[in-house]
Amino acid sequence: MTDTDPPDEGSMSHEAQPVAVRGTKVARSRRSRPPMAIDWNGELLDQVETHWHQRLRPRLEGLSDEEYYWAPAPGSWTIHRRGESPAPVSYGAGDYTWDYGPASDGPAPMTTIAWRLGHLIETLASMNGVYFGGPRVTAETFDYPGSAETALRRLDDTYAAWVAGVRELGDEGLAARQGSKSPPEFADAPVARVVLYTSVEIFHHGAEISLLRDLYLREPQAR
């Protein structure tokens, strides 16, 4: 065979075949496959449950009251006994209150593990009250935990109630309108948006709590 003769088709390797031919075969193969049915409720639960059991909850074991209240910077927001907070606002209906304040031009205060856990527990409790029949609470009416042991126990309880409620929703419940359960601007949004947002809160605050634990272990003055 000379250089000008057309190549023998049988002698061509798979790699040497025209790209267009290979692409066409792949495209046809993919088009012939039926779309996969997705269990959206199961996928959302798998995401948050995997994060909770494999990443976040093990990182919280052994949390002490010293770590719980450790301030990473002067003026950090935390949880105080009622009447002892210097923060502009103190939320809470029990013996302990949660620091808060209006937005300012400067950087927002740093927060303690107590503050972050308090916020996460109140968020879960509030969502359980709105969507799954739990007690109705807000930041103003919530009873904030004053110790690490109490905080972890209540975190476990509110998280378990939240996951159980989401599991009962199924795909139909996720697709339902929030309606009067939400502020007016979210009335037409699906319940799935609340579920996704709550997962973000768990990931977000859980990561910050884990980082604060790492910083505490490396801060000589904290021990």
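Residues numbered from 1 in each chain as written. Predicted model: local features only at pLDDT ≥ 70, side-chain atom pairs only at ≥ 80, totals over all residues. Heavy atoms only, no water.

Peer 1: Please clarify how the nonpolar core should be interpreted in this entry.
Peer 2: Side chains that are nonpolar tend, in soluble globular proteins, to be buried together. Judged by nonpolar contacts, the single largest core of 46 residues is most densely connected at Tyr 68, Leu 117, Leu 155, Trp 162 and Ile 202. Listed by contribution, the elements that provide at least two residues to this core are helix 2 (40-59), strand 3 (96-100), helix 4 (113-131), helix 5 (148-175) and helix 6 (191-217). When residues in this core are grouped by element, the largest group, 11 residues, is from helix 4. Every residue in contact with Ile 202, bar those within four places of it in the chain, is listed here: Val 48, His 51, Trp 52, Leu 56, Leu 120, Leu 124 and Tyr 159. (Core = buried A, V, L, I, M, F, W, Y, C linked by side-chain atoms within 4.5 Å. Buried < 20%, exposed > 50% of the residue type's maximum accessible area, 1.4 Å probe, protein only. Helix = DSSP H or I, 4+ residues; strand = E, 2+ residues; numbered from the N terminus. Contact = heavy atoms within 4.5 Å.)

Peer 1: Would you explain the sheet that holds strand 2 (residues 89-91) in this entry?
Peer 2: Strand-to-strand pairing in sheets goes through backbone hydrogen bonds, with the strands running parallel or antiparallel. Here we have three strands laid out as an open sheet, ordered 1-3-2, and antiparallel in their pairing. A strand with exactly one partner marks an edge of an open sheet, and here the two such strands are strand 1 (79-81) and strand 2. Strand-to-strand twist across the sheet, computed as the mean angle between neighbouring axes with direction ignored, equals 45°. Docked against the sheet, helix 4 engages strand 1 and strand 3, running at close to 100° with respect to strand 3. (Pairing = 2+ DSSP bridges. Axes fitted to C-alpha atoms, helices over the stretch in contact; angles between N-to-C directions.)

Peer 1: Just to check I follow, could you spell out the side chain of Thr 198 for this structure?
Peer 2: Relative to the assigned elements, Thr 198 resides in helix 6. The residues contacting Thr 198, other than those within four sequence positions of it, are Leu 124, Met 127 and Trp 162.

Peer 1: Explain the packing of aromatic side chains here, please?
Peer 2: Remark: the centre distance and the inter-plane angle together describe each pair of aromatic rings, the angle taken between the planes. Going through the model one piece at a time under the given rule, you end up with 13 aromatic pairs. Pairing Trp 77 with Tyr 100 gives two aromatic rings, centres 5.6 Å apart and planes at 40°, and the pair type is tilted. Taken together, the positions of Trp 77 in the loop between helix 3 (65-69) and strand 1 and Tyr 100 in strand 3 put the pair 23 residues apart, joining distant regions of the chain. Its relative accessible area of 34% is what places Tyr 100 among the partly exposed residues. A ring pair is formed by Tyr 131 and Phe 132, whose centres lie 6.5 Å apart and whose planes are at 55°; its orientation type is tilted. Its relative accessible area of 13% is what places Tyr 131 among the buried residues. One aromatic cluster is present, formed by Trp 77, Tyr 91, Trp 98, Tyr 100, Trp 115, Phe 142 and Tyr 144 through successive ring pairs. (Phe/Tyr/Trp six-rings, centres within 6.5 Å; stacked < 30°, edge-to-face > 60°.)

Peer 1: Sorry, what's going on with the confidence of the model for the protein chain here?
Peer 2: When pLDDT is low, close inspection of the predicted coordinates is not appropriate. Model confidence for the protein chain is summarised by a mean pLDDT of 88, while 85% of its residues fall at 70 or above. Scored below 50 in pLDDT, residues 1-21 makes nine contacts in the model with residues more than four places away or belonging to other chains. (pLDDT = per-residue confidence, 0-100.)

Peer 1: Any chance you could explain a nonpolar patch on the surface here in plain terms?
Peer 2: On the surface, Met 36, Ile 38 and Trp 40 cluster together into a nonpolar patch covering about 390 Å² of accessible area. The topology assignment puts Ile 38 in the loop between helix 1 (19-31) and helix 2. (Patch = residues over 30% accessible without salt bridge, like charges linked within 9 Å, V, L, I, M, F, W, Y side chains within 5 Å. Areas by Shrake-Rupley, 256 points an atom, 1.4 Å probe, with all protein chains shown as cover. Salt bridge = Lys/Arg side-chain N within 4 Å of Asp/Glu carboxyl O.)

Peer 1: Hey, could you run me through the pattern of salt bridges in this one?
Peer 2: When the charged atoms of two side chains lie near each other, side chains of opposite charge can form a pair. Scanning the entire structure with this criterion turns up seven salt bridges. Between Arg 57 and Glu 61 there is a salt bridge, with its nearest N and O atoms 3.2 Å apart. Glu 61 gets classed as exposed once you look at its relative accessible area, which sits at 52%. A salt bridge links Glu 208 to Arg 116, with the nearest nitrogen and oxygen atoms 2.7 Å apart. Here Arg 116 lies in helix 4 and Glu 208 lies in helix 6, a separation of 92 residues in the sequence. Looking at Arg 116, the relative accessible area reads 13%, which means it is buried. Taken together, the salt bridges that share partners define one network made up of Arg 57, Glu 61 and Asp 156.

Peer 1: Help me out: how do you make sense of helix 2 in this one?
Peer 2: Working note: α-helix, 3.6 residues per turn, so residues spaced by three or four point in the same direction. Helix length check: helix 2, at 20 residues, gives a terminal C-alpha distance of 28 Å against a target of 28 Å (1.5 Å per residue), a fit within 8%. Along helix 2, the largest kink reaches about 45° and is centred on Trp 52. Here helix 2 has its buried residues at Asn 41, Leu 44, Leu 45, Val 48, Glu 49, His 51, Trp 52, Leu 56 and Arg 57. Buried residues along helix 2 sit in contact with helix 5 and helix 6. (Expected span 1.5 Å × (residues − 1). Bend = angle between axes of the 7 residues up to and from the residue.)

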